[in-house]
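# Architecture and fold: a report
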Amino acid sequence: MGKISTKDVEYVAGLAQLALDDAAKERLAREMDEILSYMDKLNELDTANVEPMMHAMEMTNVFREDVVGESLPREIALRDAPQHDGEYFIVPKILDTEGSA
Amino acid sequence: MEYEAVIGMEVHVEINTKSKVFCACSTHFSAPANTNVCPICLGMPGVLPVLNREMVNKSVAAGLALNCTISRWSKLDRKNYFYPDMAKNYQISQYDLPLCSNGHLDIEVDGQPKSIGITRAHMEEDTARNTHTLGGGQSGVDFNRSGVPLLEIVTEPDLRSAQDAYAYLTALKQILQYLDVSDCNMEEGSLRAEANISVRPKGASVFGTKTEVKNVASFSGVMKAIEYEIKRQVELIESGGAVEQETRGWDPDRGITFTQRKKESAHDYRYFPEPDLVPVVVDAAWEQRIRESLPELPLPRKHRFMEQYGLSDYDANVLTGTQAMADYFEAAVQADADAKKTANWIMGDLQALLTEAKADISACNVTPACLAEMIRMINDNTISGKIAKEVLAEMFVSGKSPKQIVEEKGLVQITDASAIEGIVRQVLADNPQQVEQFKAGKDRVVGFLVGQVMKASRGKANPEKVNEILRNELAK
């Protein structure tokens, strides 16, 4: 029995809004288990004196100046939307009034 | 049993940069829907967001004003969830290394000082705006707001009442406006407040179960919602029930809070470091530059006004309400006007004119120097206080100097004794009945006679001189 059960897979798949069949769940449970086992392997290393790496690139402070540039013409912005009314993107009615921000 | 409320606030403020936080689209509020959008803020795959430097500057300024520690190293993270207001299905925010943390904001509640802990203030992006006005089971989405910079400011559970919350929000808004980092306009959504509220027996050390009240559109609404929620929770507990952890909305028309979302559906956001944005390093020199650029903040300025100009707590509070007002007051005083009189003129007649014209003092036709000149003209008896009101109203419209207005309209105060004597004698001759009454011991008619003299001089006679001369004439 590994660290990851098919229940864990179902939970994560649910958060990602993925529908998986039983075979996929079992395969993913196995694969995710292998990934976590590898993490355990890494945990064997002594990293007490190693600075944590915050980013894959050794770069900091990449900024743009606060200057307004061109935006897209609205018809281009809306063009590829499944549905729009010329002004707004149209989506199925939003019932939950919870926005996040 | 006696209960006490434990309240923490989460405030989102839109930072007033010109362009969005990760792209060059305008942050302008009232643009037509979906015209301030580009592939980045529309959440297209494969685009590269780049952090707006001014967002960091303004966020650090806010953090410093809130007495926060500024992180030397800070990074951005992805907060993952699905919602139609966020096309890329994650919001760029900050998770474990916020830009600002461990601060406090000093407030005054009923004249008593109180310090509210600031847990953190972190940078993130605003989401798109949904409209619910469309028929046919549909909603419209406008991405103009998507990517507008937001600073989320979270307090410790240090607030104990609706009044505390109101004082905190007011002080926070004032500071952010002083710093020019946000417009803090609740109607336009540039300041949004949420309150976490729980109650517990007074003196208890553990917290009760909290509810979160969201989507309140005004400070007074926040106050009412908190008052309602405290009462609801206490009654629930008193009647043997238990508070459920949930998100509640506020219905201003019915004056009640209502269940919006239960804890069961609470999200697991699976934060991870944003790979498209590199860490932000604010070194000591950068922090110092921002610290040195901070203006004097409202509360210290209020106390200085009381000390330096001898103003009352109330006057100093009103005058430091906005930076523009405080600057105006100080400019007038520096232009050699009496501080107390300047305060009265600004808070009285000038404020009335501004309110009527729905204008802000920063765009006022009456310059501080002109107001100071007018006050000096009252002091040296060139004009009376009554005439000054007329002069101020004229200055407000035309922007002319008080001297010019007084000369053009012939409003110079009559202080010449012989000129006043002439008017007084005429008034006494015209009002023999009142003169009789005075001689019969009715001292009060003097007020009436002074009024008549002022009227006859079209307000220009010096009231003190009038009084003096009138009494002399009556004694004859």
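Nothing here was measured: the structure is a model prediction, and the numbers come from that model.

## Some points on the overall build of chain B
If you tally the helices and strands in chain B, you get 15 helices and 17 strands. With the C-alpha coordinates of chain B rotated into their principal frame, the extents come out at 95 × 55 × 55 Å. With 476 residues in all, chain B has 42% of them scored as buried. Partitioning the contacts of chain B with sequence separation of at least 6, the portion at a separation of at least 24 is 69%.

## Considerations on the overall build of chain A
From N to C terminus, chain A includes three helices and two strands. Going from N to C terminus, chain A has its helices and strands arranged as α-α-β-α-β. The principal-axis extent of the C-alpha atoms belonging to chain A is close to 55 × 45 × 25 Å. Relative to its 101 residues, chain A shows a buried fraction of 7%.

## Some words on the nonpolar core
All names here are of chain B. Ala121, Ala165, Tyr168, Leu172, Ala195, Val222 and Ile226 are the most contacted members of the largest nonpolar core, which totals 78 residues. In terms of residues, this core owes the most to one element, helix α2 (residues 162-178), which gives 10 residues. Apart from residues no more than four positions distant in its own chain, Ala165 is found in contact with Ile7, Met9, Leu159, Ala195, Val222, Met223 and Ile226.

## Section: the interface of chain A and chain B
Counting residues at the interface gives 37 residues for chain A, matched by 53 residues for chain B. For the side of chain A that touches chain B, the secondary structure elements donating two or more residues are β1 (63-64), α3 (74-79) and β2 (89-92) of chain A. No other element matches β2 of chain A, which puts four residues into the side of chain A that touches chain B. Of the residues that constitute the side of chain A that touches chain B, the class distribution is 19 nonpolar, nine polar and nine charged. Examined bridge by bridge, β1 of chain A and strand β2 (residues 51-52) of chain B share two bridges and lie parallel to one another.

## Some remarks on the sheet that holds strand β3 (residues 69-70) of chain B
Remark on secondary structure: sheet strands pair via backbone hydrogen bonds, oriented parallel or antiparallel. Residue and element names in this part refer to chain B. Reading across from one edge, β3-β7-β8-β11-β1-β12-β13-β14-β15 is the order of the nine strands in this open sheet, with mixed pairing throughout. Every other strand in the sheet has two partners, leaving β3 and β15 (256-262) as the edge strands with one partner each. Two strands pair when backbone bridges link them, and strand β8 (residues 112-125) and strand β11 (residues 149-155) are joined in this way by seven bridges, in the antiparallel orientation. What sits directly across from Arg120, in β11, is Val154. Across the face of the sheet, helix α1 (residues 53-65) comes into contact with β3, β7 (100-109), β8 and β11 while running at roughly 160° to β8. Across the face of the sheet, helix α3 (residues 219-238) comes into contact with β1 (3-14), β12 (191-201), β13 (211-216), β14 (246-251) and β15 while running at roughly 25° to β12.

## A word on the packing of helix α14 (residues 445-456) of chain B against helix α15 (residues 463-475) of chain B
Residues and elements named next belong to chain B. Two elements in contact, α14 and α15, have axes separated by 10 Å at closest approach and are oriented at 125°. Classified by the angle between their axes, α14 and α15 sit oblique to one another. The crossing of α14 and α15 is right-handed. Of the residues in α15, those touching α14 at Val446, Leu449, Val450, Val453 and Met454 are Pro463, Val466, Asn467 and Leu470. When the residues that make up the contact of α14 with α15 are grouped by side-chain class, the tally is eight nonpolar, one polar and no charged.

## Comments concerning unusual backbone geometry
Residues and elements named next belong to chain B. Phi at Asp180 is positive, roughly 55°, even though this residue is not glycine. Tracing the backbone shows Asp180 in the loop between α2 and β12. Look at Asn381: it is not a glycine, yet its phi comes out positive at around 65°.

## Details of the pairing of β14 of chain B
Residues and elements named next belong to chain B. Both β13 and β14 contribute to a ladder of four bridges, which runs parallel. Paired with Glu212 across the bridge in β14 is Thr247. Once the chain exits β13 it traverses α3 before rejoining the sheet at β14, and the crossover so formed is left-handed. Judged from the six bridges that link them, β14 and β15 form a sheet pairing that is antiparallel. Bridge pairing links Asp251 to Ile256 in β15.

## Describing the domain arrangement of chain B
Residue and element names in this part refer to chain B. Each assigned domain of chain B is listed with its residue range as follows: domain 1 (3-286), domain 2 (296-409) and domain 3 (417-475). Between the C-alpha centres of domain 2 and domain 3 the distance comes to 33 Å. Contacts between domain 2 and domain 3 engage four residues on the former and four residues on the latter. When its residues are assigned to classes, the side of domain 2 that touches domain 3 shows one nonpolar, two polar and one charged.

## Thoughts on the pairing of strand β10 (residues 138-142) of chain B
In this sheet, β10 of chain B lies alongside β2 of chain A in antiparallel orientation, the contact comprising four bridges. Across the sheet, residue Ile90 of chain A finds its bridge partner in β10 of chain B, namely Gly140 of chain B. Looking at chain direction, strand β9 (residues 129-131) of chain B and β10 of chain B are connected through three bridges and run antiparallel. Bridge pairing in β10 of chain B places Thr131 of chain B opposite Gly140 of chain B.

## Points about the confidence of the model for chain A
Per-residue confidence for chain A gives a mean pLDDT of 89; residues scoring 70 or more make up 92%. Predicted confidence is poor over residues 97-101 of chain A, with pLDDT under 50, and the contacts of this stretch with residues over four places away or in other chains come to 19 contacts.

## Notes on the environment of Glu54 of chain B
In this structure, Glu54 of chain B sits in helix α1. Sequence-wise, Glu54 of chain B and Ile15 of chain B are 39 residues apart; in three dimensions their C-alpha atoms are separated by 9.3 Å. Apart from the residues lying within four places of it in its own chain, the contact partners of Glu54 of chain B are Asp66 of chain A together with Thr17 of chain B.

## Some points on the confidence of the model for chain B
Of the residues in chain B, 99% reach a pLDDT of 70 or more, and the chain-wide mean stands at 92. With a pTM of 0.84, the predicted complex shows an ipTM of 0.89.

Conventions used here
- Residues numbered from 1 in each chain as written.
- Chains lettered and ligands numbered in written order.
- Predicted model: local features only at pLDDT ≥ 70, side-chain atom pairs only at ≥ 80, totals over all residues.
- Helix = DSSP H or I, 4+ residues; strand = E, 2+ residues; numbered from the N terminus.
- Buried ≥ 20, exposed ≤ 12 C-beta atoms within 10 Å, placed from the backbone.
- Contact = placed C-beta atoms within 7 Å.
- Core = buried A, V, L, I, M, F, W, Y, C linked by C-beta atoms within 7 Å.
- Nonpolar A, V, L, I, M, F, W, Y, C, P; charged D, E, K, R; others polar.
- Pairing = 2+ DSSP bridges.
- Axes fitted to C-alpha atoms, helices over the stretch in contact; angles between N-to-C directions.
- Parallel < 35°, antiparallel > 145°, perpendicular 65-115°, else oblique.
- Left-handed = near helix turned anticlockwise from the far one by under 90°.
- Right-handed = clockwise from strand over helix to strand, strands pointing away.
- Domains from an automatic or database assignment.
- pLDDT = per-residue confidence, 0-100.

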